[in-house]
Each structure stands twice: as C-alpha cells, then as structure tokens.
Amino acid sequence: MTLAPKINDLFRERSLMLWLDEEGALGSMYFIHKTLKNIYQYDFNVRDFKAVSGQNKYVGSLDRVTTVEKEKFPKNFWPDFKWSRKGFMRTRWIIHN
C-alpha cells in the first residue's frame, strides 16, 4: 500500500490554508475538515474577519498577505541569551462562531 492515496484523501476532504515565507523561513499549514462550517480568518488591514473557503496558498514574501502578521521577538524576550532575528507568525480565527 502506498501513502499517496491517503494524502490525496487528506487534501480532498479539507480546505487548506498555507503560508510559507521564503525570506524568514517561517511557515504554517492548516487543514480544515469539510464538516466544519462558518470558518473565518482575521484580516489585519481591514480589522475584520473574512470567510475562509477552498485552498489558499501563499509562498514567497508574506509582507503583503493581510491575514498574517509577522513579528520579531523583542530584544529583551530572552535576557540571558544573545538576541537573534528569530520571529513568529500570527493568525486569528473564528471556528463555528
């Protein structure tokens, strides 16, 4: 038995949200099962939630993607360690109201 049919089933039964930032090596992948309804994701530019459907993929620079915020850890986050350029991505969701 091969793994490929199981992977195809995984994608067929779910919506997909994918963000890969090639500049900062950050990434997130969310699978949303088709039985879940009323899924919304926050748009940081308009400051409101938008309905999610289908498969949305963002690869490359995420600077213009409005549903993701990229932040660097503040220099005083780990006071005992040398500061680095490491950071994180933030998304906000409403699932089933």
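What counts and what doesn't
Residues numbered from 1 in each chain as written. Predicted model: local features only at pLDDT ≥ 70, side-chain atom pairs only at ≥ 80, totals over all residues. Heavy atoms only, no water. Phe/Tyr/Trp six-rings, centres within 6.5 Å; stacked < 30°, edge-to-face > 60°. Buried < 20%, exposed > 50% of the residue type's maximum accessible area, 1.4 Å probe, protein only. Lys NZ or Arg CZ within 6 Å of the ring centre and 35° of its normal. Pairing = 2+ DSSP bridges. Helix = DSSP H or I, 4+ residues; strand = E, 2+ residues; numbered from the N terminus. Axes fitted to C-alpha atoms, helices over the stretch in contact; angles between N-to-C directions. Contact = heavy atoms within 4.5 Å. Polar contact = N/O pair within 3.5 Å; in protein donor to acceptor, adjacent residues only side chain to side chain.

- Per an unreviewed UniProt entry, the protein goes by Inositol polyphosphate-5-phosphatase A and derives from Lates japonicus.

1. Observations concerning the packing of aromatic side chains
So, step 1. Applying the stated criterion to the full structure yields 3 aromatic pairs.
So, step 2. Relative to Phe44, the ring of Tyr42 has its centre 5.0 Å away and its plane inclined at 80 degrees; by these criteria the two rings are edge-to-face.
So, step 3. Residue Tyr42 is classed as buried on the basis of its relative accessible area of 11%.
So, step 4. According to the relative accessible area criterion, Phe44 is buried, its value standing at 16%.
So, step 5. Connected via pairs of aromatic rings, a cluster forms that spans Tyr42, Phe44 and Phe49.
So, step 6. Cation over ring: Arg92 sits above Tyr42, and NZ or CZ is 4.3 Å from the ring centre.

2. A few points about the sheet that holds strand β8 (residues 93-95)
Adjacent strands of a sheet form backbone hydrogen bonds with each other and so pair up, either parallel or antiparallel.
So, step 1. Taken together, the 3 strands give an open sheet; going across it, the order is β4-β3-β8, and neighbouring strands pair in antiparallel fashion. Taken across any chain shown, the strands that pair with only one partner, and hence form the sheet edges, are β4 (48-51) and β8. When the angles between neighbouring strand axes are averaged without regard to direction, this sheet yields 30 degrees.
So, step 2. Where strand β3 (residues 39-43) lies against β8, 3 bridges are found, and the strand directions are antiparallel. Paired with Tyr40 across the two strands is Ile94, which belongs to β8.

3. Focus: the environment of Thr67
So, step 1. Relative to the helices and strands, Thr67 is located in the loop between β5 (55-60) and β6 (69-72).
So, step 2. For Thr67, a relative accessible area of 11% gives the class buried.
So, step 3. Linking Thr67 and Arg92, residues 25 residues apart in sequence, is a C-alpha distance of 8.0 Å.
So, step 4. Those residues in contact with Thr67 that lie beyond four places of it in its chain are Trp19, Gln41, Tyr42, Asp43, Phe44, Arg90 and Thr91.

4. Some words on the environment of Asn56
So, step 1. Tracing the sequence through the fold places Asn56 in strand β5.
So, step 2. Residues Asn56 and Met17, 39 residues apart in the sequence, show an inter-C-alpha distance of 5.0 Å.
So, step 3. Engagement of the side chain of Asn56 in a polar contact is seen with the backbone oxygen of Ser53, the distance being 3.4 Å.

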